[in-house]
Amino acid sequence: MRIITPRTPPGTMELLPRRQVAFDRMVDRIRAAYERFGFLPVATPAFEVADVLLSKSGGETEKQVYFVQSTGSLEQGNAPDLALRFDLTVPTARYVAEHEHDLAFPFRRYQIQRVYRGERAQKGRYREFMQCDIDVIGRDSLSVDHDAEIPALIHSVFTDLQVGPFEINLNNRKVLKGFFASLGVTDTEQQAAVLRTVDKLDKLSAEKVVSLLTEQGLDDAAADAVLSFASFRGDAQATLAHLDGLGIDDPVFAEGVAELRTVVEGLSDYGVPEASWRINLAIARGLDYYTGTVYETFLTDHRGIGSVCSGGRYDDLASLYTKSRLPGVGISIGLTRLFYALEQAGIVTDGPSTVEVLVAHMDPALKAEYLGLGRELREAGINTEVHLEASKMGKQLSYADRVGVRTVLIMGAREVAEGVVTVKDMATGDQVAVPRTDVVGHLRP
């Protein structure tokens, strides 16, 4: 029989157990932070009805979608009517529209699930990856105060993740659009193109950005003005004063500055130190559905990784699915990509084994004793593995070391006769005899 070479699909992440523990611990910390801020969990199917999923996407997105087709449908020559979700935003829009009358608003949801994109597989970019999303969705209206809550939550998340210094960059697209309008750039499509170009400032040279802006119809003076505007650097109060001092008489611009000021005041009220965030007038977010506040988060010592958490405000989440107006604000952590980047930077290493104790198997005649001890430890909340095959002690200790078990309990005929259990610390090599009745208390003092 021909042996097929085992291999993982390109663009997927598969981890060894203790590295998976580290990944899962990050998920646990993110989930805990989301719940600490009062968000409720939601889970949607991995696949959606194709016409629903693709209703808000363009042609380029459709090229990246994995379609799902049953054998029966395939045999009948029908086009697939299901597709794997490529993000969590569209499923959320569908979910809120479908369950609108059963939900309490503002609807505060978090969702931690895998998504699928048929992109070209390359390092750090995946076809299957975990997203960790939060959104606050209102009915008819949603206070801008929520726009400050989102970065406050993200500050809590990244502090808990212990990934080193980070910086949350925030801006408001109304400020950008109002500024563009003051330069005579009022066409919606042209504004969108200029926004996408401004969003590339951290990836392209200033000369290239100016060149792209002129290609989009701006004259040299306007292009230089956009570059100068987006390049401003200062603390929050200096940036707000700078915007006020521009003297721009545009209602959209004024509204955007007022919203930025509300977010700045909110972050102060939440106690988020300004060392962890700043207003960055070059942040635009390329997706067209963002309408107000936008966010990008960077690891200070690893900015080359790019944004590890992004999002923003949108006026109408589900306009294609309902006549109700459902504005919202949210943010997403691409955890698989973040985890890869942290691995490459040496920030994340193997997590501790989920097995706390290994009960060694010294004598087949004592199997009932080992199983009883294991049961007692589990009932005390101690994760315990009982080695079920008698073998040399060196081999069992080597096994414990490989899987990362910190404590091995040894109980042979002599220990049973003396009423003790030998407790071996695998990290230090120390071992001590503990009365059989005191084992739980010794492990959980």
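Just above sits the structure.
The rules behind the values
Residues numbered from 1 in each chain as written. Predicted model: local features only at pLDDT ≥ 70, side-chain atom pairs only at ≥ 80, totals over all residues. Heavy atoms only, no water. Helix = DSSP H or I, 4+ residues; strand = E, 2+ residues; numbered from the N terminus. Buried < 20%, exposed > 50% of the residue type's maximum accessible area, 1.4 Å probe, protein only. Contact = heavy atoms within 4.5 Å. Lys, Arg positive; Asp, Glu negative; His and termini not counted. Charge placed at Lys NZ, Arg CZ, Asp CG, Glu CD. Pairing = 2+ DSSP bridges. Arc of directions from axis to C-beta. Core = buried A, V, L, I, M, F, W, Y, C linked by side-chain atoms within 4.5 Å. Polar contact = N/O pair within 3.5 Å; in protein donor to acceptor, adjacent residues only side chain to side chain. Salt bridge = Lys/Arg side-chain N within 4 Å of Asp/Glu carboxyl O.

A.B. asks: Please set out the overall build of the protein chain residue by residue, giving values where relevant.
C.D. replies: When its secondary structure is counted, the protein chain shows 17 helices and 16 strands. Taking the principal axes of the C-alpha coordinates as reference, the protein chain spans close to 90 × 60 × 45 Å. The buried share among the 445 residues of the protein chain stands at 47%. In the protein chain, the proportion of contacts linking residues at least 24 apart, taken out of those at least 6 apart, comes to 68%. Averaging the coordinates of the 48 positive side-chain charges in the protein chain and doing the same for the 62 negative ones gives two points 7 Å apart.

A.B. asks: Summarise the environment of leucine 338; cite the residues concerned and give the values.
C.D. replies: With respect to the secondary-structure elements, leucine 338 resides in helix H13 (residues 335-344). C-alpha of leucine 338 to C-alpha of glutamate 98: the two residues are 240 residues apart in sequence and 32 Å apart in space. Those residues in contact with leucine 338 that sit more than four places away from it in its chain are Met26, Phe158, Leu161, Leu299, Val308 and Ile333.

A.B. asks: Talk me through the pairing of strand S14 (residues 407-410); I want residue IDs and the actual numbers.
C.D. replies: Both faces of S14 are covered, namely the face carrying Thr407 and Leu409 and the face carrying Val408 and Ile410. Relative to S14, strand S12 (residues 357-359) runs parallel, the two being bridged by three bridges. Across the sheet, valine 359 pairs through a bridge with leucine 409, a residue of S14. Here four bridges tie S14 to strand S15 (residues 420-425), and the two strands are oriented antiparallel to one another. Across the sheet, the residue bridging to leucine 409 is valine 423, located in S15.

A.B. asks: Before we move on, could you go through helix H15 (residues 393-403) and cite the residues and values that matter?
C.D. replies: Among the residues of H15, Gln396, Leu397 and Ala400 are the ones counted as buried. Summarising the axial view, the buried residues of H15 lie within an arc of 100°, below the 170-degree limit, and thus occupy one face. Relative to its buried face, H15 has exposed residues pointing more than 90 degrees away, namely Lys395, Asp401 and Arg402. The elements touched by buried residues of H15 are S12, S14 and S15. Directly beyond the C-terminal end of H15, a positive phi value near 85° is found at glycine 404.

A.B. asks: Outline unusual backbone geometry, supporting the account with residue identities and numerical values.
C.D. replies: With an omega of 5°, the peptide bond running from phenylalanine 105 to proline 106 counts as cis. Note that proline 106 resides in the loop between helix H5 (89-98) and strand S5 (107-116).

A.B. asks: Explain the nonpolar core residue by residue, including any values.
C.D. replies: Ranked by size, the top nonpolar core spans 83 residues in total, and within it Phe158, Ile333 and Leu338 carry the most contacts. Per element, the largest residue contribution to this core is eight residues, and it comes from helix H6 (residues 145-161). In terms of nonpolar packing, the next biggest core, distinct from the first, is built from 15 residues, Leu377, Ile382, Val386 and Val434 among them.

A.B. asks: Please set out the sheet that holds strand S3 (residues 67-68) residue by residue, giving values where relevant.
C.D. replies: Judged by pairing direction, the sheet is antiparallel, and its three strands sit side by side in the order S2-S4-S3 without closing on themselves. At either end of the open sheet lies a strand with only one pairing partner, and these are strand S2 (47-49) and S3.

A.B. asks: So what's going on with the side chain of glutamine 113? Which residues, and what values?
C.D. replies: By secondary structure assignment, the location of glutamine 113 is in strand S5. At a separation of 2.7 Å, a polar atom in the side chain of glutamine 113 contacts the side chain of glutamine 111. Each residue touching glutamine 113, except ones within four places of it in the same chain, is listed here: Val42, Ala43, Thr44, Arg85, Leu88, Phe129, Met130 and Gln131.

A.B. asks: Residue-level account of the pattern of salt bridges, with values.
C.D. replies: As a working rule, side chains carrying opposite charge can pair if their charged atoms are close by. As enumerated under the stated definition, the model contains 22 salt bridges in all. Two residues, arginine 19 and glutamate 343, come together in a salt bridge whose shortest N-O distance is 2.5 Å. In this pair, arginine 19 sits in helix H1 (residues 17-36) while glutamate 343 sits in helix H13, placing the two residues 324 residues apart along the sequence. One continuous salt-bridge network, built from bridges that share partners, spans Arg19, Glu343 and Asp350.

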